Amino acid sequence: GAGVSQTPSNKVTEKGKYVELRCDPISGHTALYWYRQSLGQGPEFLIYFQGTGAADDSGLPNDRFFAVRPEGSVSTLKIQRTERGDSAVYLCASSLIGGRAVDTQYFGPGTRLTVL
Amino acid sequence: AQSVTQPDIHITVSEGASLELRCNYSYGATPYLFWYVQSPGQGLQLLLKYFSGDTLVQGIKGFEAEFKRSQSSFNLRKPSVHWSDAAEYFCAVTQGDDKIIFGKGTRLHILP
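Predicted model, so just to flag it, every value in this text is computed and none were measured. (Residues numbered from 1 in each chain as written. Chains lettered and ligands numbered in written order. Predicted model: local features only at pLDDT ≥ 70, side-chain atom pairs only at ≥ 80, totals over all residues. Heavy atoms only, no water.)

A. Inspection of the packing of aromatic side chains at higher detail. Using the criterion set out here, one finds 16 aromatic pairs over all chains in the structure. A centroid spacing of 5.9 Å and a plane angle of 80 degrees characterise the contact between Tyr35(A) and Phe45(A), whose relative ring orientation is edge-to-face. With a gap of 10 residues between them, Tyr35(A) in strand β4 (residues 31-37) and Phe45(A) in strand β5 (residues 44-50) connect regions that are remote in the sequence. By relative accessible area, which is 0% here, Tyr35(A) ends up buried. Under the relative-accessibility criterion, Phe45(A) is labelled buried at 8%. On the basis of an interplanar angle of 75 degrees and a centroid distance of 6.1 Å, the ring pair of Phe107(A) and Phe102(B) is categorised as edge-to-face. Of the two residues, Phe107(A) is situated in strand β10 (residues 106-107) and Phe102(B) in strand β11 (residues 99-102); the pairing between them involves two chains. Each member of the pair, Phe107(A) as well as Phe102(B), carries the same accessibility label: buried. Through a chain of ring-to-ring contacts, the aromatic side chains of Tyr33(A), Tyr35(A), Phe45(A), Tyr48(A), Phe107(A), Tyr32(B), Phe34(B), Tyr36(B), Phe51(B), Phe90(B) and Phe102(B) assemble into a single cluster. (Phe/Tyr/Trp six-rings, centres within 6.5 Å; stacked < 30°, edge-to-face > 60°. Helix = DSSP H or I, 4+ residues; strand = E, 2+ residues; numbered from the N terminus. Buried < 20%, exposed > 50% of the residue type's maximum accessible area, 1.4 Å probe, protein only.)

B. Fine view of the nonpolar core. Counting 27 residues, the largest nonpolar core has Leu19(B), Trp35(B), Leu47(B), Leu48(B), Phe74(B), Leu76(B) and Tyr89(B) as its most contacted members. Listed by contribution, the elements that provide at least two residues to this core are β2 (10-14), β3 (19-21), β5 (33-38), β6 (45-50), β8 (64-68), β9 (73-78), β10 (87-95) and β12 (106-111) of chain B. The element contributing the most residues to this core is β10(B), with four residues. Excluding its chain neighbours within four sequence positions, the residues that come into contact with Leu48(B) are Leu33(B), Phe34(B), Trp35(B), Val57(B), Gln58(B), Gly59(B), Phe63(B), Glu64(B), Ala65(B), Phe74(B) and Leu76(B). Val4(A), Leu21(A), Leu46(A) and Leu113(A) belong to the second-largest nonpolar core, a separate cluster that totals 20 residues. (Core = buried A, V, L, I, M, F, W, Y, C linked by side-chain atoms within 4.5 Å. Contact = heavy atoms within 4.5 Å.)

Interpretation in functional terms is not warranted from these geometric data alone.
Next up, the structure:
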């Protein structure tokens with residue numbers, strides 16, 4: 001595709017529910033990143049995939065958060081038992097190779113998650 | 001741990017005026033530094049990046065930034081702003097070559 005796409009653009013859920021957020025990276029990009037941007041803050045790193053495997057998941061806040069990338073392309077961020085504090089914009093980015101600062105990360109428009 | 005500080009939460013300038021957005025970083029070695037712009041409804045877009053070499057880097061949309069090691073700064077500049085430059089600007093630094101550490105952002109307002 002032309003750029004990184006994310007669906008849905010907005011998601012409203014109730015506390016305790018399960019949600020899935022999808023990211024479609026730029027075609028051919030092997031690296032995929034998830035970030036979370038809370039109101040008034042800069043994006044914070046969650047997890048980085050190199051191909052199908054999670055190369056760095058040190059940013060996941062707790063075990064309610066999980067992400068997969070089974071075929072090395074589309075990725076899904078899964079949040080169990082959502083809490084109001086999970087409300088944020090979840091950003092996805094992809095890069096051609098990954099793991100190197102020289103590789104530009106291209107960001108999607110984000111999914112705004114609201115937990116009531 | 002690496003960190004990035006953007007001391008100005010909001011900046012307002014008149015259209016046509018010059019702009020400087022401040023950024024300070026904390027990192028032991030030579031950092032890789034970035035400036036991103038985020039417009040409403042748009043994804044983050046890379047304006048420019050510094051890895052090594054010439055300390056004055058040119059970016060897209062007429063922006064430039066200067067790396068000053070002695071001041072641990074990487075300020076973003078533009079000689080003449082346009083109304084379309086109104087957006088949120090993020091300074092960032094890499095950590096471990098995979099994750100990017102972002103500052104809290106500076107929101108730029110343009111007066112007509």
